[in-house]
Amino acid sequence: DGGYLVSGSAVQSVSSASEIKAPKVEKGGYEFNGWDIVLDEITSSTTVKPRWTVKESRIIYQLNEGIVSETNPAKYTINDTFTLNNPVRDGFKFVGWTGSELSEKTMRVTLPKGRYGIRTYVANWEAVKYDVTYDLKGGTITKSNPVEYTVLDSITINNPTREGYDFAGCTGTGLTEPTNPLKLIKQTGDKHFEANWT
């Protein structure tokens, strides 16, 4: 019944039921649950079949700080088929799964029927680059500031100078008042900053 012989003999000639030595059998994705006939009660030539029940296998996910809006299955059986829901992570672009039966990063992973055993899937990420623009309002800068950054960066923005003026801080994206010093630490999104002078 789709299984295979691990040990023992699948064909036995015996003179009594007590001489029967049940073989060991296995079937991928299934658990053996005994024979369909009680061996001790056999009194004539008989074909005996194994009883199988579907076995659940675990799936392990390594999301690496990502989250999924709709949970992926934690277990599956040989009869199941499904497609993984991809995770998201603030400041990062999902670039595919690696893991069981995947030779490279794969954006769409579908498990067909017929598979079994523990599976592992790892989410892979690439930091998104965001733009930073500046309006110095007549000022100049001696040490250049970054024009792009990622959520992994920790940046202190260099202050500009302007003859006859004191620098009063930056305003712009995400700022409610002039800020000095201005730092970008674990932030996301494009930024635009303007210099303020007194």
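Residue numbering note: each chain is counted from 1, following its sequence as written. The predicted nature of this model means local features are confined to residues of pLDDT at least 70 and side-chain atom pairs, given and counted, to a pLDDT of 80 or more, with totals for whole chains, interfaces and linings taken over all residues. In computing side-chain properties, one takes all heavy atoms of the structure into account and sets aside hydrogens as well as water.

Teacher, can you tell me more about the packing of aromatic side chains here?
Between two aromatic rings, the relevant description is the distance of the centres plus the angle of the planes. For Phe, Tyr and Trp, where Trp contributes only its six-membered ring, two rings pair if their centres lie within 6.5 Å, and the inter-plane angle classes them as stacked under 30 degrees, edge-to-face over 60, or tilted in between. The full count for this structure, using the stated rule, is eleven aromatic pairs. For the pair W97 and Y121, a centre-to-centre distance of 6.4 Å together with 75° between the ring planes defines the contact as edge-to-face. In this pair, W97 is assigned in strand β8 (residues 92–99) and Y121 in strand β11 (residues 119–127), connecting sequence segments 24 residues apart. One exposure class covers both W97 and Y121, and it is buried. Runs of E in the DSSP output that reach at least two residues are strands. Runs of H or I that reach at least four are helices, and both are numbered from the N terminus. Between buried and exposed lies partly exposed: a residue is buried under 20% and exposed over 50% of the maximum accessible area for its type, with that area taken using a 1.4 Å probe on protein chains only.

In this structure, what is going on with the sheet that holds strand β5 (residues 57–62)? I would like to understand it.
Backbone hydrogen bonds hold the strands of a sheet together, and the pairing may be parallel or antiparallel. Here we have five strands laid out as an open sheet, ordered β6-β5-β11-β8-β9, and mixed in their pairing. Of all the strands in the sheet, the pair left with one neighbour each is β6 (75–76) and β9 (102–106). Across two bridges, the pairing between β8 and β9 is antiparallel. Looking across to β9, one finds that W97 is bridged to T106. Should DSSP find at least two bridges between two strands, the strands are taken to pair.

Help me understand the sheet that holds strand β15 (residues 167–172), please; the structure alone is not making it clear to me.
Pairing is mixed across the open sheet formed by four strands, whose spatial order is β13-β12-β17-β15. The open sheet has two edge strands, β13 (148–149) and β15, and neither has a second partner. As paired elements, strand β12 (residues 130–135) and β13 share two bridges and run antiparallel to each other. Pairing of Y130 across the sheet is with Y149, part of β13.

Help me understand the environment of N180, please; the structure alone is not making it clear to me.
Along the polypeptide, N180 turns up in the loop between β15 and β16 (183–185). By relative accessible area, which is 41% here, N180 ends up partly exposed. Here the alpha-carbon distance between N180 and I157, two residues 23 residues apart in the chain, equals 8.9 Å. Separated by 2.9 Å, the side chains of N180 and N159 make a polar contact. The definition of a polar contact used here is a pair of N or O atoms within 3.5 Å, where within protein one atom must be able to donate a hydrogen and the other to accept one, and adjacent residues in sequence count solely through side-chain atom pairs.

What is the right way to read the nonpolar core from this model?
Inside soluble globular proteins, nonpolar side chains tend to come together where they are buried. We define a nonpolar core as any set of buried Ala, Val, Leu, Ile, Met, Phe, Trp, Tyr and Cys residues linked to one another through side-chain atoms lying within 4.5 Å. Residues F82, L84, W97 and Y121 are the most contacted members of the largest nonpolar core, which totals 13 residues. Broken down by secondary-structure element, the contributors of at least two residues to this core are β8 and β11. For this analysis, residues touch if any pair of their heavy atoms sits within 4.5 Å. Excluding residues within four positions of it along the chain, F82 makes contact with I59, P73, Y76, V109, T110 and L111. The next biggest cluster of nonpolar side chains, apart from the first, holds twelve residues, and it includes Y130, V132, L182 and W197.

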